[in-house]
Amino acid sequence: MNDKTAPRSIEQYLAALRAALAGEDPALIQDALYDAEEYLRAEVAANPGRSESDTLELIASTYGAPEEVAAAYRTTEKQVRTALAAPPRKTPRTALGRFFSVYGDSRTWTALFYMLLALVTGIFYFTVTVTGLSLSAGLIVLIVGIPFFLLFVGFTRVLALAEGRLVEGLLGQRMPRRPLYPAKGIPILERIKQMLVDRRTWTTMFYFLLMMPLGIIYFMIATVGICVSIGLVGGSIASLLLTTGIGSGGFTLDDQSIYFGPSPIAAPFLLLAGVALLTAVMHLIRAIGRGHGTLAKHLLVARADAGG
Amino acid sequence: VDADTERLSQKFQRELNAGLVGLVLLAVLEQANEDLYGYQIAKRLQKLADGSPPVKQGALYPVLRQLSANGLLASRIVPSYAGPPRRYYRITGAGRAMLAQWRDIWRGTRDFVDGFTEANGATS
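As the structure is a computational prediction, the values presented were derived from the model and not from experiment.

The rules behind each value
Residue positions are given per chain, counting from 1 as you read along its sequence in written order. Naming scheme: in the order in which they are written, chains are lettered from A and ligands are numbered from 1. Where local features are concerned, this predicted model is filtered to residues with pLDDT of at least 70; where side-chain atom pairs are given and counted, the filter is 80 or more; whole-chain, interface and lining totals use all residues. Side-chain metrics rest on all non-hydrogen atoms present in the structure, leaving aside hydrogens and water. Think of it this way: any DSSP run of H or I at least four residues long counts as a helix, any run of E at least two long counts as a strand, and we number them from the N terminus. The contact definition used throughout considers only heavy atoms, calling two residues in contact when any of these lie within 4.5 Å. Only protein chains enter the accessibility calculation, which uses a 1.4 Å probe; a residue is then buried when its area is under 20% of its type maximum, exposed when over 50%, and partly exposed in between. What makes a salt bridge here is a side-chain nitrogen of Lys or Arg within 4 Å of a carboxyl oxygen of Asp or Glu, nothing more. Summed over both partners, buried area is the accessible surface (1.4 Å probe) that two parts give up on being assembled. Any pair of nitrogen or oxygen atoms within 3.5 Å is treated as a polar contact; in protein, a donor-acceptor pairing is required on top of that, and neighbouring residues in sequence qualify only through side-chain atoms on both sides. Amino acids outside the nonpolar list (Ala, Val, Leu, Ile, Met, Phe, Trp, Tyr, Cys, Pro) and the charged list (Asp, Glu, Lys, Arg) are all regarded as polar, and Gly is one of them. Put simply, two rings from Phe, Tyr or Trp (the six-membered ring, in Trp's case) pair if the centres are within 6.5 Å, and we call them stacked under 30 degrees between planes, edge-to-face over 60, tilted for the rest. Interaxial angle, 0 to 180 degrees, is taken between N-to-C directions of lines fitted to C-alpha atoms, where a helix line uses only the stretch in contact. Our angle categories are set so that under 35 degrees counts as roughly parallel, over 145 as roughly antiparallel, 65 to 115 as roughly perpendicular, and the remainder as oblique. Along the chain, pLDDT gives the predictor's confidence residue by residue, from 0 to 100. Definitions for this section: a left-handed crossing has its near helix turned counterclockwise from the far helix by less than a right angle. A right-handed crossing has that turn clockwise. Within this scheme, the nonpolar core is defined by two criteria: the residues are buried Ala, Val, Leu, Ile, Met, Phe, Trp, Tyr or Cys, and they are joined through side-chain atoms within 4.5 Å. Here, a strand pair is defined by DSSP locating no fewer than two bridges between the strands. Taken from the helix axis, the directions to the C-beta atoms give the arc we talk about.

**A look at the overall build of chain B**
For chain B, the count of helices and strands is four helices and three strands. Put simply, chain B runs from its N terminus to its C terminus through helices and strands in the order α-β-α-α-β-β-α. Considering only contacts within chain B whose residues lie at least 6 apart along the sequence, 48% involve residues at least 24 apart.

Listed below in structure tokens is the structure:
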């Protein structure tokens, strides 16, 4: 069908597929290349009598030419995005309605969960990275230094994939669903060199280091923001209940009744302020979730044009 | 004109495949009594279709991932000597229930379409 030079090796086929997918989501490209490689290597292994280039010649009629496969991924991705996307919510018409619609958005709540979790994952990533880097540096003079470093880089990739799943699930940013598969048949020294010059190795570690301060900040924003707002709302309600006589009580200290709540006049205003603050915090949480998704995408996913 | 009809036929086939591939994949995995990975599934389809199934095997993988993401398939990863680790799929309970529904929809659609296309083909 196409008379362009058909790929004659797995590497050429993958390069052609990468080129055909240029401009797509890097995570999609990584998945497509992974799937193609699984199929092509299995096909070559299943036909030991045939040379790789002969097998590749037949690939266009079975697996599909790179352009066809690229088209299949594009359309499926579009359908999945449409099918998996939450049904479009009616955007409230009034500004006030839009302001409060943040509570109905599931992304707000998943982002909140991510921000709370980030304290734990952030510390974990930081510890792993710092330990791995310093042990690698310390052991580099010994023979075990090299395998240790390889193991460590491999582990950061697994961790990056796991974090990617978390980011996609909670923040809604499309991330790779398959690991990046290292090229085969490369001598170990060459592979180490590739790891060292691969921009993604370092951006991944940078992301993991960054996750500790970010995790602490996220956790603080979420907890402090929500606690302060709920305190304002709760305090105002308590004050209103006390003045209307519905509620009674308070704290006593040395038999002195003490009361730190707002005055009955200020209470309604503080109640409104609390509700407004809580909603604003929710907006901030949703925005941070979106921003962090973009950050993770940039640091954890290799750019498609980066080769490799 | 020939190139045009060819192109339109291919487009027609592609559009038909869009929904049917998922049904076929679910059916294949329901009949299988073991977990299968992408390449094995592709080969089963190829064998059944006498070597040239109407859908290119490269188009199966994205659909497998889609079904898995929707919880209709479960998967596990097994390392392989030949290439990257393989992802083995098996059908879930939700997948079986969905397959039963899709099968009914497919039968209904097929009978409906047959009712027109077969009758016209016979008279003209």
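**Some remarks on the side chain of A:T108**
Residues and elements named next belong to chain A. Topologically, T108 is positioned in helix α6 (residues 106–139). A relative accessible area of 0% places T108 in the buried class. Ignoring sequence-local partners within four residues, the contact set of T108 consists of V102, M282, I285 and R286.

**Description of the pattern of salt bridges**
Considering all chains together, one arrives at 19 salt bridges over all chains under this definition. Its salt-bridge partner being B:E30, residue B:R103 comes within 3.2 Å of it at the nearest N-O pair. Of this pair, B:R103 sits in helix α4 (residues 93–123) while B:E30 sits in helix α1 (residues 2–31); the two residues are 73 residues apart in sequence, bridging distant segments of the chain. Look at B:E30 and you get partly exposed, because its relative accessible area is 26%. A single network of salt bridges, built from pairs that share partners, joins A:E11, A:E37 and A:R41.

**A closer look at the interface of chain A and chain B**
Chain A puts 31 residues into the contact, and the matching count from chain B is 26 residues. Summing the contributions of chain A and of chain B, the shared interface buries around 2400 Å²; its carbon and sulfur component is 55%. Where chain A meets chain B, there are four salt bridges. Scanning the region where chain A abuts chain B turns up 10 residue pairs in polar contact (both at pLDDT 80 or more). Elements with a contribution of two residues or more to the side of chain A that touches chain B: α2 (26–46), α3 (52–64) and α4 (66–84) of chain A. Of the residues contributing to the side of chain A that touches chain B, the split by class is 15 nonpolar, five polar and 11 charged.

**What about the packing of aromatic side chains?**
All names here are of chain A. According to the stated counting rule, one finds 12 aromatic pairs over all chains in the structure shown. Centre to centre, the rings of Y13 and Y63 are 6.3 Å apart; their planes meet at 65 degrees, and the pair counts as edge-to-face. Of this pair, Y13 sits in helix α1 (residues 10–20) while Y63 sits in helix α3, placing them 50 residues apart in sequence. On the basis of relative accessible area, Y63 is assigned to the buried category, the value being 0%. Between Y103 and W109, the aromatic rings sit 6.4 Å apart at their centres with planes inclined by 35 degrees, giving tilted as the arrangement.

**Observations regarding the packing of α6(A) against helix α7 (residues 145–171) of chain A**
All names here are of chain A. Viewed as axis vectors pointing N to C, α6 and α7 meet at an angle of 175 degrees, and their least axial separation amounts to 11 Å. On the basis of their axis angle, the class for α6 and α7 is roughly antiparallel. Residues belonging to the contact of α6 with α7 are distributed by class as follows: 19 nonpolar, seven polar and two charged.

**Observations regarding the confidence of the model for chain B**
Put simply, chain B has an average pLDDT of 84, and 91% of its residues get 70 or more. In the predicted assembly, ipTM is 0.72 and pTM is 0.59.

**Focus on the packing of α7(A) against helix α10 (residues 267–300) of chain A**
Residue and element names in this part refer to chain A. The contact between α7 and α10 brings their axes to 10 Å, and the two run at 150 degrees. Of the possible angle classes, the one that applies to α7 and α10 is roughly antiparallel. Note on packing geometry: the crossing formed by α7 with α10 is left-handed. Two secondary-structure elements touch here, α7 through A160, E163, V167 and L171 and α10 through G289, H292, G293, A296 and L300.

**A few points about the nonpolar core**
With 47 residues, the main nonpolar core has A:Y13, A:L17, A:Y39, A:Y63, B:L25, B:L29 and B:L73 as its most contacted residues. When residues of this core are assigned to their parent elements, the largest contribution, eight residues, is made by α2(A). Leaving out residues up to four positions away in the same chain, B:L29 has contacts with B:L36, B:I41, B:L64, B:L73, B:Y89 and B:I91. By size, the runner-up hydrophobic cluster in this structure holds 37 residues, among which are A:M282, A:L299, A:L300 and A:V301.

**Description of the pairing of strand β3 (residues 86–91) of chain B**
Residues and elements named next belong to chain B. Counting buried positions along β3 yields five of six residues, so the element is predominantly enclosed. Relative to β3, strand β1 (residues 36–37) runs antiparallel, the two being bridged by two bridges. Paired with L36 across the bridge in β3 is Y89. Inspection of the sheet shows strand β2 (residues 73–78) paired to β3 by six bridges, in the antiparallel sense. Its bridge partner lying in β3, V78 is registered against R86.

**Examining α1(A)**
For α1(A), every residue scored as buried is listed here: A:I10, A:Y13, A:L14 and A:L17. The arc that holds the buried residues of α1(A), viewed along the axis, is 95 degrees, so those residues lie on one side.

**What about the sheet that holds β2(B)?**
Residue and element names in this part refer to chain B. Here we have three strands laid out as an open sheet, ordered β1-β3-β2, and antiparallel in their pairing. Two strands bound the open sheet, and with one partner strand each, they are β1 and β2. In this fold α1 packs onto β1, β2 and β3, with an angle of close to 85 degrees to the strand it touches most, β3.

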